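# Overview (structure and organization)
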Amino acid sequence: MRRSRVVALLAAGGFAVAGCSAPGPAEVTFYADGHTINTTPVLSCDYSQQLAQPCSAKGDTQTLKVRPGKPVQISVPGEVADAPWQIVYEYVTPQGEYKQSDPIPFTSLDRYAYTVTPPTPADRISAVDVQKYTAVLNSSTGESGLLPSDVWGLRLEA
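Summarised in this report is the structure supplied together with it. (Residues numbered from 1 in each chain as written. Predicted model: local features only at pLDDT ≥ 70, side-chain atom pairs only at ≥ 80, totals over all residues. Heavy atoms only, no water.)

Here the focus is the nonpolar core. Among the nonpolar cores identified, the biggest contains 25 residues, and Phe30, Val72, Ile74, Ile87, Val128, Val130 and Leu156 are the most heavily contacted of them. At four residues, strand S7 (residues 85–92) tops the list of elements feeding residues into this core. Each residue touching Val72, except ones within four places of it in the same chain, is listed here: Phe30, Tyr31, Ala32, Tyr114, Thr115, Val116, Ile125, Val128, Leu154 and Leu156. (Core = buried A, V, L, I, M, F, W, Y, C linked by side-chain atoms within 4.5 Å. Buried < 20%, exposed > 50% of the residue type's maximum accessible area, 1.4 Å probe, protein only. Helix = DSSP H or I, 4+ residues; strand = E, 2+ residues; numbered from the N terminus. Contact = heavy atoms within 4.5 Å.)

Moving on: unusual backbone geometry. Positive phi is not limited to glycine here, since Asp33 has a value of about 50 degrees. When you line up the elements, Asp33 lands in the loop between strand S1 (28–32) and strand S2 (35–39). On the basis of relative accessibility, which here comes to 22%, the residue Asp33 falls in the partly exposed class. Look at Leu109: it is not a glycine, yet its phi comes out positive at around 60 degrees. Here Leu109 is to be found in the loop between strand S9 (104–106) and strand S10 (113–116). Here Leu109 falls in the partly exposed class, since its relative accessible area comes to 40%.

The next thing to look at is the pattern of salt bridges. Within this structure, the stated rule accounts for three salt bridges. Taking the shortest distance from any N to any O, the salt bridge between Arg67 and Asp33 comes out at 2.6 Å. Of the two residues, Arg67 sits in the loop between strand S5 (62–65) and strand S6 (72–75) while Asp33 sits in the loop between S1 and S2, which places them 34 residues apart along the sequence. Classification of Arg67 as partly exposed rests on a relative accessible area of 49%. Across the pair Arg155 and Asp129 runs a salt bridge whose closest N-O atoms are separated by 3.4 Å. (Salt bridge = Lys/Arg side-chain N within 4 Å of Asp/Glu carboxyl O.)

Here is the structure:
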């Protein structure tokens, strides 16, 4: 009986230690043409210090296949939805022209999903970026503004 208590205490201690580890980066989920992928930021910026290069690349942009006319669904975690964020996407026309959308901003702090639809059924979405923003104060001028703090990217191929 004593041994089972020791094993139970060790197991509980292991769960407690595992629960104390730092959470990983926020993941954005993309769903397109029957396929789902979870992505971590490809770019992160830290404006808390006066750095010459506050942004750094974090990983590779993920890729999914999508047919012309198919939408891309995006789901963001609370960490992103609780901040101003926006989507920018690129699409390819049937003539092979690449065009970029205007930014689609979300500032209500309660939007967790969005579906990007190609402008016409013949167009194919080729890239989607989700950009989370953070408020930054310029200590020398006292001015504040929003700057991107994290970017998640997805490339789509035919």
